[in-house]
Amino acid sequence: MIDEKTYQEIEDYFSGELNEEESKSLLLKVKESEELRVHFEESEKLWDYMSSLETIEPGPDYIQKFWKAVSEDEEKKNRSFFNFNFMNKKWAFVSSLAVLLLLSTIIINNFVVDEEKSGYVYDADDELLVNNLDEALSKNSPEGLNVYGPWDDLEN
């Protein structure tokens, strides 16, 4: 197993950062270990390939072009209709609350107020009748039918 220090030494060797003594010590380690030799050869091929590539130099005005492109992108974002970055959490909460209040007002207006306009008013007599009916139906006796009226008169 190759340790991190040896990996770094190999990188330093190919980048030219090792002195002569350190280079000889590394080459001895490479000769002694098969795994290290394989990694060393792969690194050598990679460094040879990288050195064979052509270096591309940027133009003298590349910094100005870069910042111009960045500012154009920012302008496009600011002109977008769907740009909601200006809304922080507080304003999002306030707008959600306003929509909730508006919807609840519409619902109350359409359902609760329309019920009152229909002429139906729930009063205490209705509640008494419903309670009496409930009590009468829950009994298992003929007297429970008295809630519907005078049943005794029907026998005569």
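Structural notes, computed from the coordinates.

What counts, and at which threshold
Residues numbered from 1 in each chain as written. Predicted model: local features only at pLDDT ≥ 70, side-chain atom pairs only at ≥ 80, totals over all residues. Heavy atoms only, no water. Helix = DSSP H or I, 4+ residues; strand = E, 2+ residues; numbered from the N terminus. Buried < 20%, exposed > 50% of the residue type's maximum accessible area, 1.4 Å probe, protein only. Contact = heavy atoms within 4.5 Å. Core = buried A, V, L, I, M, F, W, Y, C linked by side-chain atoms within 4.5 Å. Patch = residues over 30% accessible without salt bridge, like charges linked within 9 Å, V, L, I, M, F, W, Y side chains within 5 Å. Areas by Shrake-Rupley, 256 points an atom, 1.4 Å probe, with all protein chains shown as cover. Salt bridge = Lys/Arg side-chain N within 4 Å of Asp/Glu carboxyl O. Lys, Arg positive; Asp, Glu negative; His and termini not counted. Charge placed at Lys NZ, Arg CZ, Asp CG, Glu CD. Phe/Tyr/Trp six-rings, centres within 6.5 Å; stacked < 30°, edge-to-face > 60°. Expected span 1.5 Å × (residues − 1).

### Topic: the overall build of the protein
Secondary structure assignment for the protein yields 6 helices and 0 strands. Its helices and strands in sequence order give the protein the pattern α-α-α-α-α-α, from N to C terminus. Within the protein, buried positions represent 11% of all 156 residues. When contacts within the protein are restricted to residue pairs at least 6 apart in sequence, long-range pairs at least 24 apart make up 40% of them.

### With respect to the nonpolar core
One finds Ile2, Ile10, Phe14, Leu18, Leu26, Val30, Leu36 and Phe40 forming the largest nonpolar core, which totals 8 residues. Secondary-structure elements contributing two or more residues to this core are helix H1 (4-15), helix H2 (20-32) and helix H3 (34-52). In contact with phenylalanine 40, not counting residues within four places along its chain, are Ile10, Tyr13, Phe14, Leu26, Leu27 and Val30.

### Overview of a negative patch on the surface
The grouping of Glu72, Asp73, Glu74 and Glu75 at the surface amounts to a negative patch. Checked against the element boundaries, glutamate 72 lands in helix H4 (residues 62-79).

### Digging into the packing of aromatic side chains
Inspection of every chain in the model, using the stated rule, returns 5 aromatic pairs. Ring geometry for tyrosine 13 against phenylalanine 40: centres 5.5 Å apart, planes inclined by 45°, an arrangement best described as tilted. Of this pair, tyrosine 13 sits in helix H1 while phenylalanine 40 sits in helix H3; the two residues are 27 residues apart in sequence, bridging distant segments of the chain. Exposure remark for tyrosine 13: the relative accessible area of 27% places this residue in the partly exposed category. Taken together, a centroid distance of 5.0 Å and an interplanar angle of 75° make the contact between phenylalanine 66 and tryptophan 67 edge-to-face. Grouping aromatic residues by their ring pairs yields a cluster made of Tyr13, Phe14, Phe40 and Trp47.

### Quick word on the pattern of salt bridges
Between side chains of opposite charge, a pair can form as their charged atoms come close. Within the structure shown, the criterion is met by 5 salt bridges. Residue arginine 37 pairs with glutamate 34 through a salt bridge whose shortest N-O separation is 2.2 Å. In this pair, arginine 37 and glutamate 34 are both assigned in helix H3, 3 residues apart and thus about one turn of the helix distant. What makes arginine 37 partly exposed here is its relative accessible area of 30%. Here glutamate 34 falls in the partly exposed class, since its relative accessible area comes to 48%. Among the charged side chains, a network of salt bridges with common partners joins Glu34, Arg37 and Glu41.

### What about H1?
An ideal rise of 1.5 Å per residue puts 16 Å on 12 residues; H1 measures up with 17 Å between its terminal C-alpha atoms. Within H1 the residues assigned to the buried category are Thr6, Glu9, Ile10, Asp12 and Phe14. Glycine 16 lies just past H1 and shows a positive phi near 85°.

### Some thoughts on the side chain of serine 23
Here serine 23 is to be found in helix H2. In this view, serine 23 contacts Tyr13 and Leu18; residues no more than four positions away in its chain are not counted.

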